[in-house]
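# Overview (structure and organization)
Read off the chains here:
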Amino acid sequence: AICAAPVAVMSIVERDWGPDIKFTCYKDPNLIGEYSKLWVDTPVHIDLKKKFITAQAAVCSLQLAFLVVEIFSGREEATRLAKAMLYDYVSPLKT
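In what follows, the accompanying structure is described.

### Examining the packing of helix α3 (residues 61-73) against helix α4 (residues 75-84)
- Running from N to C, α3 and α4 cross one another at 145 degrees; their axes reach a closest spacing of 7 Å. Handedness of the α3/α4 crossing: right-handed. On α4, the residues that touch Phe66, Val69, Glu70 and Ser73 of α3 are Arg75, Glu77, Ala78, Leu81 and Ala82.
- Looking at the contact of α3 with α4 residue by residue, the classes come out as 5 nonpolar, 1 polar and 3 charged.

### Quick word on the packing of aromatic side chains
- Per the counting criterion, the structure on display carries 4 aromatic pairs.
- Measuring from ring centre to ring centre gives 6.2 Å for phenylalanine 23 and tyrosine 35, while their planes differ by 85 degrees; the resulting arrangement is edge-to-face. Remark: tyrosine 35 occurs in the loop between α2 (29-32) and β1 (44-47) and phenylalanine 23 occurs in the loop between α1 (5-17) and α2; sequence separation between them is 12 residues. This pair shows no difference in class: phenylalanine 23 is buried, exactly as tyrosine 35 is.
- The interplanar angle of 55 degrees and the centroid separation of 5.9 Å between the aromatic rings of phenylalanine 66 and tyrosine 89 together place this pair among those described as tilted. Within this pair, whereas phenylalanine 66 is found in helix α3, its partner tyrosine 89 is found in the segment after α4, the two being separated by 23 residues in sequence.
- On the accessibility criterion, phenylalanine 66 (4% relative accessible area) is buried.
- Judged by its relative accessible area of 8%, tyrosine 89 is buried.

Scoring rules and cut-offs
- Residues numbered from 1 in each chain as written.
- Predicted model: local features only at pLDDT ≥ 70, side-chain atom pairs only at ≥ 80, totals over all residues.
- Heavy atoms only, no water.
- Axes fitted to C-alpha atoms, helices over the stretch in contact; angles between N-to-C directions.
- Helix = DSSP H or I, 4+ residues; strand = E, 2+ residues; numbered from the N terminus.
- Left-handed = near helix turned anticlockwise from the far one by under 90°.
- Contact = heavy atoms within 4.5 Å.
- Nonpolar A, V, L, I, M, F, W, Y, C, P; charged D, E, K, R; others polar.
- Phe/Tyr/Trp six-rings, centres within 6.5 Å; stacked < 30°, edge-to-face > 60°.
- Buried < 20%, exposed > 50% of the residue type's maximum accessible area, 1.4 Å probe, protein only.

The values reported here are purely geometric and, on their own, carry no functional implication.
This is the structure we're talking about:
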């Protein structure tokens, strides 16, 4: 989910996922509202356990896309595709 969409998703899943779920969205205190304790200030945030990927804004969409490629096809493939598009992909996943 990107931009404001993560807040909408959080309003649905927060009760089921509990207080340990973290997310990011567009950096606006009015939008984040009651979820400020769950919000992290990072362009893209991933929770592999809950299979939940969020991004702050449309400008983060390439990083988000290459992260999804990395999850499904590996870091080498994500890096190869990014280089073909002249994008400097840096994985947010720990190795």
